[in-house]
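Geometric and topological summary
Chain by chain, the residues run as shown.
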Amino acid sequence: PGSERRMLAWNVPPEELKYIPSHWLNYEEPQQSMHYLLGMMYIFFMCMSLVGNGLVIWIFLSAKSLRTPSNILVVNLALCDFFMMAKTPVFIYNSFSQGYAMGHLGCQIYGVIGSYTGIGTSTTNAFIAYDRYNVITRPMEGKM
């Protein structure tokens, strides 16, 4: 409210503070307008990602000619990104409410989903790079 500056975690329940490293408690909270800007940006990112990745998945499932090993990697990338963005409403809620939405367990679930989808994305990108490398360096040896 107003121009008063608060420290990070000012609105975290006392029983949940033990899960936050004390290092983070030394910083001021970002301005309220930055929370709103971040929330608006993530609404845009989420909508674009869900539509774009949803289209990739839908087209792949509806066109049998696209079901090649290389395209499966692209669909896996779309699935990972789709699930990463599907958890974004929690982040958007937190941005607009400037609060702590789901408690410790929710925070852990949110982090695990982000970790697994991020690892899946990284691994898939590595496989796509390997596939493209093979296509470029050995064009006559067939497909993956």
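Residues numbered from 1 in each chain as written. Predicted model: local features only at pLDDT ≥ 70, side-chain atom pairs only at ≥ 80, totals over all residues. Heavy atoms only, no water.

**Examining the overall build of the protein**
The helix and strand inventory of the protein stands at 4 helices and 0 strands. A globule of 144 residues ought to have a C-alpha radius of gyration of about 15 Å, yet the protein, at 21 Å, is considerably larger. A total of 144 residues make up the protein; the buried ones form 19% of that total. Counting contacts in the protein only where the partners sit at least 6 residues apart, residues at least 24 apart contribute 62% of the total. (Helix = DSSP H or I, 4+ residues; strand = E, 2+ residues; numbered from the N terminus. Rg over C-alpha atoms; globule rule 2.2 N^0.38 Å. Buried < 20%, exposed > 50% of the residue type's maximum accessible area, 1.4 Å probe, protein only. Contact = heavy atoms within 4.5 Å.)

**Describing the UniProt feature "transmembrane region" (unreviewed entry) in the protein**
The feature "transmembrane region" (unreviewed entry), as annotated in UniProt, sits at residues 36-61, 73-96 and 108-130 in this numbering. Taken as a whole, residues 36-61 contains 100% helix and 0% strand, while its terminal C-alpha atoms sit 37 Å from one another. Each end of residues 73-96 is marked by a C-alpha atom, and these two atoms are 35 Å apart; helix forms 96% of the span and strand 0%. (UniProt positions renumbered as here; feature names shortened; annotations may be inferred.)

**Description of the packing of aromatic side chains**
Counted under the stated rule, the structure contains 6 aromatic pairs. Here Trp24 and Tyr27 contribute two aromatic rings whose centre-to-centre distance is 6.0 Å and whose plane-to-plane angle is 45°, an arrangement assigned as tilted. The exposure class assigned to Trp24 is partly exposed, which follows from its relative accessible area of 47%. For Tyr27, a relative accessible area of 40% corresponds to the partly exposed category. Seen in terms of ring centroids, Phe82 and Phe83 are 6.1 Å apart; in terms of plane orientation they differ by 85°. Their pairing is edge-to-face. (Phe/Tyr/Trp six-rings, centres within 6.5 Å; stacked < 30°, edge-to-face > 60°.)

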